[in-house]
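# Structural characterization, general
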Amino acid sequence: AQSVTQLGSHVSVSEGALVLLRCNYSSSVPPYLFWYVQYPNQGLQLLLKYTSAATLVKGINGFEAEFKKSETSFHLTKPSAHMSDAAEYFCAVSSGNTPLVFGKGTRLSVIA
Amino acid sequence: DSGVTQTPKHLITATGQRVTLRCSPRSGDLSVYWYQQSLDQGLQFLIQYYNGEERAKGNILERFSAQQFPDLHSELNLSSLELGDSALYFCASSVPTGSGANVLTFGAGSRLTVL
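Anyway, here's the lowdown on the structure attached to this text. The model shown is predicted, which means the values in this text are computed figures rather than measured ones.

## Notes on the overall build of chain B
Helix and strand counts for chain B stand at zero helices and 11 strands. Reading chain B from its N terminus to its C terminus gives the helix and strand order β-β-β-β-β-β-β-β-β-β-β. At 14 Å, chain B has a C-alpha radius of gyration in line with the 13 Å of a compact globule built from 115 residues. For chain B, buried positions account for 51% of its 115 residues. Of the contacts made within chain B by residues no fewer than 6 positions apart, 53% connect residues no fewer than 24 positions apart. In the form shown here, chain B has an accessible surface area of approximately 5,500 Å², with 48% of it arising from carbon and sulfur atoms. The centroid of the 8 positive side-chain charges in chain B is displaced by 3 Å from the centroid of its 10 negative side-chain charges.

Next comes the structure, spelled out in structure tokens:
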């Protein structure tokens with residue numbers, strides 16, 4: 001069975017500071033990994049995805065994530081936080097034929 | 001607008017009642033997924049349909065059922081509602097990609113409140 005663990009249910013950063021949201025996965029087969037973002041009162045939007053090509057994946061809004069097989073991690077980063085980045089972020093894993101399994105989510109707060 | 005349409009946006013009902021949530025997938029997408037989001041359980045996969053056929057089943061209660069119609073829209077039926085069924089129900093759709101990594105496009109959700 002696949003699973004995702006997101007470390008930290010709430011992360012707070014200052015505007016302009018580095019954003020680091022942690023995600024570790026468990027999968028018995030090569031995984032496909034995703035980051036989704038959920039703004040208040042909205043559905044989930046895809047930020048980026050890893051599909052066994054380049055290990056460093058660039059997404060929308062300046063976010064990127066690096067797949068590290070040895071650490072079973074897929075952490076999400078952004079060099080400089082913006083107020084508009086405040087949202088809930090979800091890491092998810094799939095084997096391709098299985099539905100996405102989501103982590104519990106990390107709420108990002110950005111302080112002016 | 002993601003292209004996935006869910007109705008109703010909000011629904012308030014009483015325990016023991018039955019409700020139906022509706023989802024129209026993005027144009028061209030053949031798969032529909034239903035997820036339940038609650039504060040304590042997070043995002044839980046309920047069920048997936050592909051071109052009218054059930055493809056995968058997750059943590060869906062026996063009181064819940066779903067179907068996908070020939071026009072590809074889907075309905076999630078929730079019956080004998082309990083307080084604990086209060087949650088945000090998301091529909092997502094996808095089209096299989098060559099890499100096997102199905103990217104889900106989510107609707108805005110239907111918020112169900114059971115009183």
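## As for the sheet that holds strand 1 (residues 3–7) of chain A
Strands pair in a sheet through their backbones, by hydrogen bonds, and they do so in one of two ways: parallel or antiparallel. Residues and elements named next belong to chain A. Taken in spatial order, the five strands make up an open sheet running 1-3-8-7-6, and their pairing is antiparallel. One side of each edge strand has no neighbouring strand; the edge strands of this open sheet are strand 1 and strand 6 (56–58). Averaged over all neighbouring strand pairs, the angle between strand axes comes to 20°, with direction disregarded.

## Observations regarding the sheet that holds strand 1 (residues 5–7) of chain B
Residue and element names in this part refer to chain B. The four strands are arranged 1-3-8-7 in an open sheet whose pairing can be described as antiparallel. Strands with a single pairing partner mark the edges of an open sheet, and in this sheet they are strand 1 and strand 7 (64–68). If you compare each strand with its neighbour and ignore which way they point, the axes differ by 15° on average. The sheet contact formed by strand 3 (residues 19–24) and strand 8 (residues 74–78) spans five bridges and is antiparallel. Opposite Thr20, over in strand 8, you have Asn77 as the bridge partner.

## Brief notes about unusual backbone geometry
With omega at -10°, the peptide bond leading from B:Thr7 into B:Pro8 counts as cis. Secondary-structure assignment places B:Pro8 in the loop between strand 1 and strand 2 (10–13). Located in the positive-phi region is A:Asn41, a residue other than glycine, with phi close to 60°. Topologically, A:Asn41 is positioned in the loop between strand 4 (32–38) and strand 5 (44–50). Classification of A:Asn41 as exposed rests on a relative accessible area of 75%. A positive phi angle, near 45°, is found at B:Ser80, a position not held by glycine.

## Some remarks on the pattern of salt bridges
In the structure shown here, the tally under the stated rule is eight salt bridges over all chains. Where A:Lys78 meets A:Asp85, a salt bridge forms, and the shortest distance between an N and an O atom there is 2.8 Å. Residues B:Arg22 and B:Glu75 are paired through a salt bridge, measuring 3.9 Å at the closest nitrogen-oxygen approach. With a gap of 53 residues between them, B:Arg22 in strand 3 and B:Glu75 in strand 8 connect regions that are remote in the sequence.

Cut-offs applied
Residues numbered from 1 in each chain as written. Chains lettered and ligands numbered in written order. Predicted model: local features only at pLDDT ≥ 70, side-chain atom pairs only at ≥ 80, totals over all residues. Heavy atoms only, no water. Helix = DSSP H or I, 4+ residues; strand = E, 2+ residues; numbered from the N terminus. Rg over C-alpha atoms; globule rule 2.2 N^0.38 Å. Buried < 20%, exposed > 50% of the residue type's maximum accessible area, 1.4 Å probe, protein only. Contact = heavy atoms within 4.5 Å. Areas by Shrake-Rupley, 256 points an atom, 1.4 Å probe, with all protein chains shown as cover. Lys, Arg positive; Asp, Glu negative; His and termini not counted. Charge placed at Lys NZ, Arg CZ, Asp CG, Glu CD. Pairing = 2+ DSSP bridges. Axes fitted to C-alpha atoms, helices over the stretch in contact; angles between N-to-C directions. Salt bridge = Lys/Arg side-chain N within 4 Å of Asp/Glu carboxyl O.

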